[in-house]
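Listed below are the residues making up each chain.
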Amino acid sequence: MLALEFPPIDNLVKWPAYFGEDTFYAFNKISLISMLAMLIPATMFLLSKKELVPSGLQNIVESTVQFVENQVVMSAIGADGRKYLPLLLSMFMFVFFGNIFEVIPTFQMPANARMANPVILALVAWATFISVGVKAQGFGGFMKSSLFPPGVPKALYLLVTPIEFLSTFLLRPFGLAVRLFANMLAGHILLVTFGVLCITLWQASALVIVLPLSFATLVGLTGFEVMVSLIQAFVFSLLTAVYISLSLHPHH
Amino acid sequence: MSFLASTAAQVVELAAEADAGAADAKAEAAASSAGFAYGLAAIGPGIGIGYLVGQAVQAMARQPESAGQVQTTMFLGIAFTEALALIGFVVFILLKFA
């Protein structure tokens, strides 16, 4: 009765290249969104005026910086983490603008729903917290504080050290990348599912009475995805800040 | 000779069919277990996030002045708890489509 045909996953996440197909320089929708996610925040920050009483664009930019400074840097690292604000702010903006294209018509694809973007961001976070740790505590000190947590009986280190190694150096970047990727892919598939459902109901003669319900859900989920985009950007930069803080001040 | 050749061709055909059947059965089993993979993976994190947010709301209601800090910690906790469900979702995608 209801011929519901869900498109194969390749149709949802793989995009043909605008130019340079099958070469290293292939440029598709994901590349375009990534470029925009880099350029839009940069333009916003460059165009905003630097006046004492902010107005318009400057308001948005300043409150964003303040949000990241208070909610991410100050709450996770503390005052000595101010020098990581540029990194965390650019991460926040890039992830957020990569995500928000999920709900912008004609794009409707989060750049972070392809694994490449989250992996690179997670590798940046990984390299940052390791280099910060090595710089703050020295190589031996960093290894000691991250692999040999204090207050554990000596014999238990046989068990604890491999677990700590796995969780610190492998699961942290893996978790960062997979969290962002899976959240955005799940949101994208959710919106596609309800979009396909709405189209199918529109074509089904009798069932069209259910369409308003399904369409209302689609609208609601779109709003939900805006919130998810923001929360994922926040969580990504917050977790990076927490890892930096753990490298900066090890618990004794 | 031609009889032998045709028999050999038949055997090869049957083997290919059996292979395809096994691959089909495997794909079918993977597709039907995909739903279970995500459903089971969502139980624990669902309970966990509910408990976590409930406790955070209680903490914020008792001490509204520490709401900001509680909120940040709550998001951290949600991020860690949610990771398990998301890995289940990735397993679902792998089973269903890969």
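Residues numbered from 1 in each chain as written. Chains lettered and ligands numbered in written order. Predicted model: local features only at pLDDT ≥ 70, side-chain atom pairs only at ≥ 80, totals over all residues.

From N to C terminus, chain B includes two helices and zero strands. Scaling as 2.2 N^0.38, a compact globule of 98 residues should have a C-alpha radius of gyration of about 13 Å, whereas chain B reaches 26 Å, well beyond that. Overall, chain B is about 90 × 15 × 10 Å in size when its C-alpha atoms are taken along their principal axes. Sorting the 98 residues of chain B into buried and exposed places 9% on the buried side. (Helix = DSSP H or I, 4+ residues; strand = E, 2+ residues; numbered from the N terminus. Rg over C-alpha atoms; globule rule 2.2 N^0.38 Å. Buried ≥ 20, exposed ≤ 12 C-beta atoms within 10 Å, placed from the backbone.)

All right, on to the nonpolar core then. Note on soluble globular proteins: their nonpolar side chains tend to be buried together. Residues A:Val73, A:Leu88, A:Phe92, A:Val95, A:Phe181, A:Phe236 and A:Ala241 are the most contacted members of the largest nonpolar core, which totals 53 residues. Mapped onto this core, the elements with two or more residues apiece are α2 (29-47), α3 (57-76), α4 (85-100), α5 (116-147), α6 (157-203) and α7 (211-248) of chain A together with α2 (67-97) of chain B. The biggest single contributor to this core is α4(A), with 10 residues. Beyond its immediate chain neighbours, meaning those up to four positions away, A:Phe181 contacts A:Asn112, A:Ala113, A:Met115 and A:Pro118. (Core = buried A, V, L, I, M, F, W, Y, C linked by C-beta atoms within 7 Å. Contact = placed C-beta atoms within 7 Å.)

When pLDDT is averaged along chain B, the result is 85; 93% of the residues meet or exceed 70. Reported confidence for the predicted complex is 0.73 by ipTM and 0.86 by pTM. (pLDDT = per-residue confidence, 0-100.)

In this assembly, 12 residues from chain B lie in contact with 14 residues from chain A. A per-class count over the side of chain B that touches chain A returns nine nonpolar, two polar and one charged. (Nonpolar A, V, L, I, M, F, W, Y, C, P; charged D, E, K, R; others polar.)

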